[in-house]
Amino acid sequence: MKKIKWVLPWLFLLLCTGCYNYRELNQIALTSAIGIDKAEDGEGYTVTVQVLNTQKQGSDSNYSGSQPKFILYEQTGPTLQHALRTIILESPRRLYVNHINLLVISETVAKDGIKEILDFFARNTEFRKDFLVVISREASTEDVMQILTPLETLNSKNIHDSITTDVKFYGMATKVTFEDLLNTYLNQRTNIVLPSVEVVGNTEKGEGEDNIKQSVPDATVQIKPLAIFSGEKMIGYLTEEESRIYNYVQNNMQNTIITADCSEDGKFTTELISMKTKLKPDTENKKISIQVKATASIKEINCNMNLLSPDSIQLLENKINTEIEETIEKDIIKIIQTYKTDIFGFEELLYKSNPTTYKQLKEKYGKELIQNFKFEVSSKVKLQTKGNIVKEITR
C-alpha cells in the first residue's frame, strides 16, 4: 500500500507532461510584425499583421507560379484585441504573435496617445516584450509593411536590421524595445523617444515583385530622425543632427562620423570609435556637465596639411572637439526650449544624484526645471590613425 501511494504521484506527473497550449505549425500563422493605425471613422483601430508564408511551393494542387514570402491581413475594431481576433475572418489560421520583431505605430495614433497600446501589449501574455517599436511617418502602417525589400525577405526584418546597423555605425536611430518603451512611460521623470520610418518613392509600385527585381527599387522604407513624446503623446520629430546629439548625450553612440572645417574652403571627415559620454549634475549651481571621449581616424581630408606634423594633428583635434561641444550645447538648448520637454532624462539624473534637492527644485520650477539649468560640454577626441597617406595627393 505504501508503494502504491509513492508511485501514484509520479505516475500523475508523467501523465501531465506537455504544453497545455501546444499548437502544430500548420495550425498557426507566424506573425513577424504588427501595425496600428486609427480607424477611418476615428473610432477604434485598424490593425495590420505581417504573416510568414509557410506554404511550400508545389505542395498544393492549386499552386502556380511563385508565392509571396509574407502576407498582410488587416481588420478594424473598437479595440486592439477585437481587431486582432477578427483577423481569423480572412486567415485560415490563428495568429501566433510570440515572435514578432517589430511594432509599427502610425503618426496619427502616436499624436493622439499610445497609452491604450501600452496597456494592451503589457497586459497580453502572448506577446514577448523584446520587439522593436517604430513610428510610421506620413504613411499608414500598411504602406510601410507591404513594401518589398531586395536584401531581406521580410521588410519587418529589413527595418529591424536597418535600425541596428544605424545604431552601430551612424547614430541617428535608437533601438527601443517595448519593454524599454513601457519603462520610460511609467517613469514620470523620463519621456519617450522612438525611431521613425518613412516610405520613399512610389508606394503602389513598391508592393509589386518588380520592386526587388531592379537595381533601383521604386520604393524603399528608410530610417528617419527620432520622434519625441511628452507623456503618452508624440509632439514632433527631431532633425537628423538633433537625433545624433540625443544619442551622444544618452551614451548610445558606438561608431559615427563627423565633418568639420579644416580651412576656409576645405573640410575633413573622421570616424569616431570607442565613444563614451558621462553626465555630471551640479544641483547647487544648476548645471549639468557632459563629457565626451572618443578615438578617431581620418577618413577624408580636403586641405593641404602635413599629417606627420603634431601641430596639424592638434589643429584637427581642436576642430573636432569644438564642433562636438558647440553642436551638443546648441541642440540641447534648442530641443528643450522648442518642445518644453526633457527627452534626455536629465530629471532622472538629478533625482538619482540627490533626491531631496531634486524634489525641492521640482517644487520650485515645476515643468520648467531643466530650462533653468546650464550645460557645460567638454569633448576629448584623440586622432589615432591618419589613413594610408599622410599628404594630399598631387601630381
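This text follows the structure it describes.
Our focus in this paragraph is the pattern of salt bridges. Considering all chains together, one arrives at 14 salt bridges under this definition. A salt bridge links Lys330 to Glu241, with the shortest nitrogen-to-oxygen separation between them at 2.9 Å. Here Lys330 is found in helix α10 (residues 310-339), whereas its partner Glu241 is found in helix α9 (residues 240-249), with 89 residues between them in sequence. Lys330 sits in the partly exposed class, given a relative accessible area of 45%. The partner of Asp261 in a salt bridge is Lys267, and the shortest N-O contact between them spans 2.6 Å. A relative accessible area of 37% places Asp261 in the partly exposed class. Within this structure, Glu152, Lys157 and Asp161 form a network of salt bridges that share partners.

Turning our eyes to something else, we now look at the pairing of strand β5 (residues 102-106). Within β5, 5 of the 5 residues are buried, leaving the element largely enclosed by the surrounding structure. Burial along β5 is two-sided: Leu102, Val104 and Ser106 facing one way and Leu103 and Ile105 facing the other are all buried. Note: strand β1 (residues 28-38) against β5, 4 bridges, orientation parallel. Of the residues in β5, the one forming a bridge with Gly35 is Val104. In the sheet, β5 pairs with strand β6 (residues 132-136) via 5 bridges, with the strands oriented parallel. Following the sheet pairing, Leu102 is matched in β6 by Leu132.

This part covers the sheet that holds strand β11 (residues 267-282). Sheet architecture is open: 4 strands sit in the order β10-β11-β12-β13, paired in mixed fashion. The open sheet has two edge strands with one neighbour each: β10 (255-261) and β13 (374-385). Sheet twist, expressed as the average angle between the axes of neighbouring strands with direction ignored, equals 35°. Relative to strand β12 (residues 287-301), β11 runs antiparallel, the two being bridged by 13 bridges.

Turning our eyes to something else, we now look at the packing of α9 against α10. The N-to-C vectors of α9 and α10 enclose an angle of 105°; their axes lie 10 Å apart at closest approach. Classified by the angle between their axes, α9 and α10 sit roughly perpendicular to one another. Across the interface between the two elements, Glu241, Glu242, Ile245, Tyr248 and Val249 of α9 pack against Ile324, Thr327, Ile328, Lys330, Asp331, Ile332, Lys334 and Ile335 of α10. A breakdown of the residues in the contact of α9 with α10 according to their chemical character gives 7 nonpolar, 1 polar and 5 charged.

Let us look at the side chain of Ser297. Along the chain, Ser297 turns up in strand β12. Overall, the relative accessible area of 10% leaves Ser297 in the buried class. When neighbours within four sequence positions are excluded, Ser297 is seen to be in contact with Thr269, Thr270, Glu271, Leu383 and Thr385.

Analysis parameters
Note that residues are indexed from 1 along each chain, following the sequence as it is written. Totals for whole chains, interfaces and linings use all residues, but because this is a predicted model, local features are given only for residues with pLDDT of at least 70 and pairs of side-chain atoms are given and counted only at 80 or more. Hydrogens and water molecules were not included; the side-chain quantities draw on all heavy atoms of the structure. Every case where a carboxyl oxygen of Asp or Glu lies within 4 Å of a side-chain nitrogen of Lys or Arg is listed as a salt bridge. Only DSSP runs of H or I with at least four residues qualify as helices, and only runs of E with at least two residues qualify as strands; both kinds are numbered from the N terminus onward. Three labels apply to residues, based on accessible area from a 1.4 Å probe with only protein chains included: buried if under 20% of the type maximum, exposed if over 50%, partly exposed otherwise in between. In short, DSSP must find at least two bridges between two strands for them to pair. Between the N-to-C directions of two axes lies an angle of 0 to 180 degrees, each axis being a line fitted to C-alpha atoms and, for a helix, fitted only over the stretch in contact. Here the word oblique covers every angle except those under 35 degrees (roughly parallel), over 145 (roughly antiparallel) and from 65 to 115 (roughly perpendicular). Contacts are residue-level and defined by heavy atoms, with any inter-residue pair within 4.5 Å sufficient. For this classification, the nonpolar set comprises Ala, Val, Leu, Ile, Met, Phe, Trp, Tyr, Cys and Pro, the charged set comprises Asp, Glu, Lys and Arg, and every other residue, Gly included, is treated as polar.

All quantities given are derived from atomic positions and should not be read as evidence of function.
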